[in-house]
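Per-entry structural report
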Amino acid sequence: MREHVLLIGGGGREHAIARALEDSEAELYACAGNKNPGIARIAADFETVETTDPEAVVEYAESVDATIAVVGPEAPLEAGISDALEAAGVYPFGPKRDDARIETDKAFQRRFMRDHEVPGNPDFETFDDAEAACTFIDEYGGDLAIKPAGLTGGKGVKVVGDQVTAEEGKAYIRESDYDRIVLEERLIGEEFTVQAFVANGEFRTAPAVQDHKRAYEGDEGPNTGGMGSYSDATNELPFMTEEDYDDAVSIIEATVDALDDYRGILYGQFMLTAEGPKVIEFNARFGDPEAMNTLPVLETDFLEILTTARDGDAPPELEFAERATVCKYAVPAGYPTDPEAGAKVQVDEESAGDALLYYASVDQRDDGIYTTTSRSFALVGVADSIGEAEAIAEDALAVAGEEGLHVRHDIGKADLVQRRIDHVNELRGE
Ligand code: AMP
Ligand code: GLY
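As a starting point, this report considers the structure included with it. Per chain, residue numbering runs from 1 following the sequence as it is written. Numbering of ligands from 1 and lettering of chains from A proceed in the order in which they are written. For this predicted model, a pLDDT threshold of at least 70 governs which residues receive local features, and a threshold of 80 or more governs which side-chain atom pairs are given and counted, while totals over whole chains, interfaces and linings are taken from all residues. To obtain the side-chain values, all non-hydrogen atoms of the structure were used and water was disregarded.

1. What to know about helix 8 (residues 130-139)
Burial classification: accessible surface area is computed with a 1.4 Å probe over protein chains only, and a residue below 20% of its type maximum counts as buried, one above 50% as exposed, and the rest as partly exposed. By the criteria applied, helices consist of DSSP H or I runs no shorter than four residues and strands consist of E runs no shorter than two, each listed in order from the N terminus. The set of residues buried in helix 8 consists of A133, C134 and I137. When helix 8 is viewed along its axis, its buried side chains cluster within an angular range of 100° and face the same direction. Of the exposed residues in helix 8, the ones pointing more than 90 degrees away from its buried face are D138 and E139. Contacts are assigned to residue pairs with any non-hydrogen atoms lying within 4.5 Å of each other. In this structure, the buried side of helix 8 is in contact with strand 6 (124-127), strand 7 (144-148), helix 9 (166-176) and strand 9 (181-185). Starting at the helix axis, one direction is taken to each C-beta atom, and the arc is that of these directions.

Below is the structure:
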């Protein structure tokens, strides 16, 4: 029988997963809160479902005879979607609720690294009491990152000395009423992501990717879910050495070893500091946008990765095309603080040219495609070099239409990449 794969989630990351399964032997079904036109076109059926409602997802999975499920976003993982699917006899490629705490509970994540002596953990303290956290800020000798322990869509972290002063940081803690706060050493360096496919105690890593969290060009403005990202034709990025990549892989290895039977994607977000890679966070799923860099160059059949995981085998060795990628998101005006939802999006798909177009958090209705409060669509260039890939993405944006939307045009451009290289050289005293 053909595998029936259920894809959960309706963003750009999930459109990339759908594309990765499009040419495989699987029959694809999809469900999400928004109707993503790109996924809907590829899937045999698309159902609008609240994906944080495990019962509703299981009901849909059973109705389409799903054999395997791929969970895109973190919120369904936190809601226990994998536990519910497994109980219903559907193999979930995505961690169970307890394992997903590596992402969904940052206090757990830091303690887990400390208790298992995983390298790359910054100094940290956790607080249940806002005033105790504020006192710690006053008494600590340096800059700190202030992190709510729970999920905030990448938008809850405030870094003292970067985005806020110590006084602003304390005001943020007092005003926001989070249950638990993690305060940790501010890491200085360049960020990068390494994603690993994990199953049955083994893992395989993908080339490093660099996302751009800040909303505006030149890394200004508030943090977002990620405005765009690039990867190179090798495992490393231009500001990294092979050893830096290998050090990040060793941190992932120590984490996979310490986790008991984790399965799905383990996403390591690293800061390349003067002392090498340190962990900013782990995610329990592909990155968005990073999946749009990684999956288009994955040459191994994604279905084979899923079936080997389900069958209790080690993942296949992965092949990646030696190509660079640049991804740029078009987001609603005002995103992330005051996003304009419900605006009509005009995308001329034919004009995307050589670029790959991924729909994200838009909603397809009878009379067109509309923005939601999150990122709308992305264009990805794939080429031999980052510069060529950037030009492809940029040309496609110009013609495919970004009217009323906001784009960070600087992502993947030579001068921004050079600034990353210079930054690391400066940290290393070169
Ligand atoms: P997170 O939600 O943990 O990914 O954090 C969002 C962003 O905050 C990261 O992408 C970093 O830019 C920044 N950040 C988080 N932790 C630290 C840290 N310890 N030092 C410096 N920056 C950090
Ligand atoms: N791009 C960051 C994330 O997916 O969390």
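2. Some points on the site of ligand 1
What makes a residue near a molecule or strand is one non-hydrogen atom of that residue sitting within 4 Å of it. Near ligand 1 lie 16 residues; those nearest to it are K147, E184, L187, E191 and E281. Within the side chain of K106, one N or O atom sits 3.2 Å away from an oxygen atom of ligand 1. N or O atoms closer than or at 3.5 Å make up a polar contact, with two conditions inside protein: a donor-capable atom paired with an acceptor-capable one, and, for residues adjacent in sequence, both atoms drawn from side chains. Contact distances for ligand 1 include 2.9 Å between a nitrogen atom and a side-chain N or O atom of E184. Relative to its unbound accessible surface of 470 Å², ligand 1 loses 95% to contact with the protein. At the level of secondary structure, the elements contributing two or more residues to the shell around ligand 1 comprise strand 7, strand 9 and strand 17 (276-283). Methods summary: accessible areas were calculated by the Shrake-Rupley approach with a probe of 1.4 Å, and residue burial reflects only the protein chains presented.

3. Regarding the packing of helix 1 (residues 12-22) against helix 12 (residues 302-310)
Axis separation between helix 1 and helix 12 bottoms out at 7 Å; the angle between their running directions is 95°. For the element pair helix 1 / helix 12, the angle class is roughly perpendicular. Judged by residue contacts, I17, A20 and L21 of helix 1 engage F302, L303 and L306 from helix 12. Looking at side-chain class alone, the contact of helix 1 with helix 12 contains 6 nonpolar, no polar and no charged residues. Here the axes come from fitting lines to C-alpha atoms, over the contacting stretch only for helices, and the angles between their N-to-C directions go from 0 to 180 degrees. Throughout, the term roughly parallel applies to angles under 35 degrees, roughly antiparallel to angles over 145, roughly perpendicular to angles from 65 to 115, and oblique to all others. Only Asp, Glu, Lys and Arg are considered charged, only Ala, Val, Leu, Ile, Met, Phe, Trp, Tyr, Cys and Pro nonpolar, and every remaining residue, Gly among them, polar.

4. Considering the packing of aromatic side chains
Between the rings of Phe, Tyr and Trp (Trp by its six-membered ring), a pair exists once the centres lie within 6.5 Å; its type follows the angle of the planes, with under 30 degrees stacked, over 60 edge-to-face, and the other angles tilted. All told, the structure shown has 9 aromatic pairs when counted by the stated rule. With a centroid separation of 5.3 Å and 55° between ring planes, the pair formed by F127 and F136 is classed as tilted. By relative accessible area, F136 is classed as partly exposed at 23%. Arranged with centres 6.2 Å apart and planes meeting at 45°, the rings of F286 and F302 form a pair that is tilted. Remark: F302 occurs in helix 12 and F286 occurs in the loop between strand 17 and helix 11 (290-294); sequence separation between them is 16 residues. In this pair, the class of F286 matches that of F302, namely buried. A ring is considered to have a charge above it if a Lys NZ or an Arg CZ atom is located within 6 Å of its centre and within 35 degrees of its normal. For R101, the ring lying beneath its charged end belongs to F108, and the centroid distance is 4.0 Å. The ring centre of Y370 lies 4.1 Å from the NZ or CZ of R365, which sits over that ring.

5. Notes on the nonpolar core
In this structure, L6, F192 and F197 are the most contacted members of the largest nonpolar core, which totals 100 residues. With 15 residues, the next largest nonpolar core counts V345, V347, I369 and L379 among its residues. To define a nonpolar core, start from buried Ala, Val, Leu, Ile, Met, Phe, Trp, Tyr and Cys residues and group those joined through side-chain atoms within 4.5 Å.

6. Quick notes on the site of ligand 2
Near ligand 2 you find D211, K213, G225, Y267, N283, R285, G287, D288, P289 and E290, and these make up its full shell. At a separation of 3.4 Å, a nitrogen atom of ligand 2 approaches a polar backbone atom of G225. In isolation ligand 2 exposes 200 Å². Once the protein is present, 92% of that is buried. Here the residues of the shell around ligand 2 are counted per class, giving 2 nonpolar, 3 polar and 5 charged.

7. Observations regarding unusual backbone geometry
Note that the residue after D288, namely P289, is joined by a cis bond; omega there is 25°. On the secondary structure map, P289 appears in the loop between strand 17 and helix 11. Y335 connects to P336 through a cis peptide bond whose omega is 5°. Structurally, P336 can be placed in the loop between strand 18 (324-332) and strand 19 (344-345). One non-glycine residue, E117, lies in positive phi territory at about 50°. Tracing the sequence through the fold places E117 in the loop between helix 7 (106-115) and strand 6. Its identity as a non-glycine residue notwithstanding, D177 has a phi of 60°, on the positive side. Along the chain, the position of D177 falls in the loop between helix 9 and strand 9. Residue classification places D177 among the exposed positions, given a relative accessible area of 66%.

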